[in-house]
Amino acid sequence: MPQPPAPRRTAGRPARISREEIIRTASRIVSEDGVDRLTMRRLATEVGSTPMALYHHVRDKEELLVLLLDDYADRSLHRPEPPPADPRERILTAAVAIHDVLAACPWIVEVLTADDLLSASALWFVEQIVAGLADCGLTLEQAVHGYRAIWYFTAGEILVRATSARRRATDDRPTYRDRVFAGLDPAELPHLSRIAPRWAPLTAQDTYEQGLRALLDGLLDQAPG
């Protein structure tokens, strides 16, 4: 018995897409190729649709990036229950949580360093840092400046490590720094020349929390009185 013909799809009609599929595909693109390679045209091609169809779900690339930030924060940032009672420990716990989540996905730091995009889902952690600094005696204005210093330290540490790791992954030759350090003049740079053979492994060590604690000590020294 002959089978009925399959229904024909309207020529040129793009497949139906969901916001979840858009976010999943966009996240893969930026994870593999970086934020600069994410365009609405490329995203539309990879989900089998058109740029115009995407605009029914997201207004533009900026809104798409915010959706990616919120999606990642919702899946990865987990609030400690209960938060530490000591305000200093609350600051450290929140900052380390932010660092660890972002270090696993460095492209997000590149987006956040524009300083005008953020994830509303992550603001609870920002609140813990600002409130903790205020509870330790800083004025609210000083607490905001303190948070900014912690964020700059955190973002910089992640970006430097991520960039260095990418370069090492694609080129195993001695770096320019290695070549320069190998020929340092002990008379002119005695300390650097002495530590030069150990510079690379020393700077590769994870000292984020140690540096964060030292930074926090300095910030809290600014408390009035």
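What counts, and at which threshold
- Residues numbered from 1 in each chain as written.
- Predicted model: local features only at pLDDT ≥ 70, side-chain atom pairs only at ≥ 80, totals over all residues.
- Heavy atoms only, no water.
- Core = buried A, V, L, I, M, F, W, Y, C linked by side-chain atoms within 4.5 Å.
- Buried < 20%, exposed > 50% of the residue type's maximum accessible area, 1.4 Å probe, protein only.
- Helix = DSSP H or I, 4+ residues; strand = E, 2+ residues; numbered from the N terminus.
- UniProt positions renumbered as here; feature names shortened; annotations may be inferred.
- Expected span 1.5 Å × (residues − 1).
- Arc of directions from axis to C-beta.
- Contact = heavy atoms within 4.5 Å.
- 1 Å grid on protein atoms, 1.4 Å probe; cavity = no way out; pocket = protein on both sides within 12 Å on 5 of 7 lines; lining within 4 Å.
- Points joined across faces, edges and corners; volume = space filled by probe spheres on them.
- Nonpolar A, V, L, I, M, F, W, Y, C, P; charged D, E, K, R; others polar.

- The protein carries the name TetR/AcrR family transcriptional regulator C-terminal domain-containing protein in an unreviewed UniProt entry, which gives Streptomyces actinomycinicus as its organism.

### Points about the nonpolar core
Generally speaking, soluble globular proteins have nonpolar side chains that are buried together.
Thought 1: Within the largest apolar cluster, 56 residues are counted, with the highest numbers of intra-cluster contacts made by Leu38 and Leu43.
Thought 2: Among the secondary structure elements, those contributing two or more residues to this core are helix H1 (19-33), helix H2 (40-46), helix H4 (61-76), helix H5 (87-103), helix H6 (107-112), helix H7 (123-135), helix H8 (140-170) and helix H11 (208-220).
Thought 3: For this core, the element with the highest residue contribution is H5, accounting for 8 residues.

### Quick notes on unusual backbone geometry
In terms of backbone geometry, most residues other than glycine have negative phi values and most peptide bonds are trans.
Thought 1: In the segment running from Glu81 into Pro82, the intervening peptide bond is cis, with an omega of -10°.
Thought 2: Mapped onto the fold, Pro82 is located in the loop between H4 and H5.

### Describing the UniProt feature "domain: HTH tetR-type" (unreviewed entry) in the protein
Thought 1: Taking the UniProt record as the reference, the feature "domain: HTH tetR-type" (unreviewed entry) is found at residues 16-76.
Thought 2: In the segment residues 16-76, helix accounts for 69% and strand for 0%; the C-alpha atoms at its two ends are 28 Å apart.

### Thoughts on the environment of Glu32
Thought 1: When you line up the elements, Glu32 lands in helix H1.
Thought 2: Looking at Glu32, the relative accessible area reads 53%, which means it is exposed.
Thought 3: As a C-alpha pair, Glu32 and Trp107 span 75 residues in sequence and 9.7 Å in three-dimensional space.

### What about H11?
Thought 1: With 13 residues, H11 should cover 18 Å at 1.5 Å per step; its first-to-last C-alpha distance of 18 Å lies within 8% of that length.
Thought 2: Taken together, the buried positions of H11 are Tyr208, Leu212, Leu216, Leu219 and Leu220. One side of H11 carries all its buried residues, which in axial view fall inside an arc of 95°.
Thought 3: Buried positions along H11 lie against H5, H7 and H8.

### A word on the layout of surface pockets
Thought 1: Taken as a whole, the largest pocket spans an internal volume of roughly 760 Å³.
Thought 2: When contributions to the lining of the largest pocket are tallied by element, the ones reaching two or more residues are H8, helix H9 (176-182) and helix H10 (190-204).
Thought 3: In terms of residues, the lining of the largest pocket owes the most to one element, H8, which gives 7 residues.
Thought 4: The residue makeup of the lining of the largest pocket, split by class, is 5 nonpolar, 4 polar and 10 charged.
Thought 5: The space that makes up the second largest pocket amounts to roughly 500 Å³.
Thought 6: Taken together, 23 residues make up the lining of the second largest pocket; nearest its centre are Leu112, Leu117, Leu118, Val126 and Tyr147.
Thought 7: Mapped onto the lining of the second largest pocket, the elements with two or more residues apiece are H4, H5, H6, H7 and H8.

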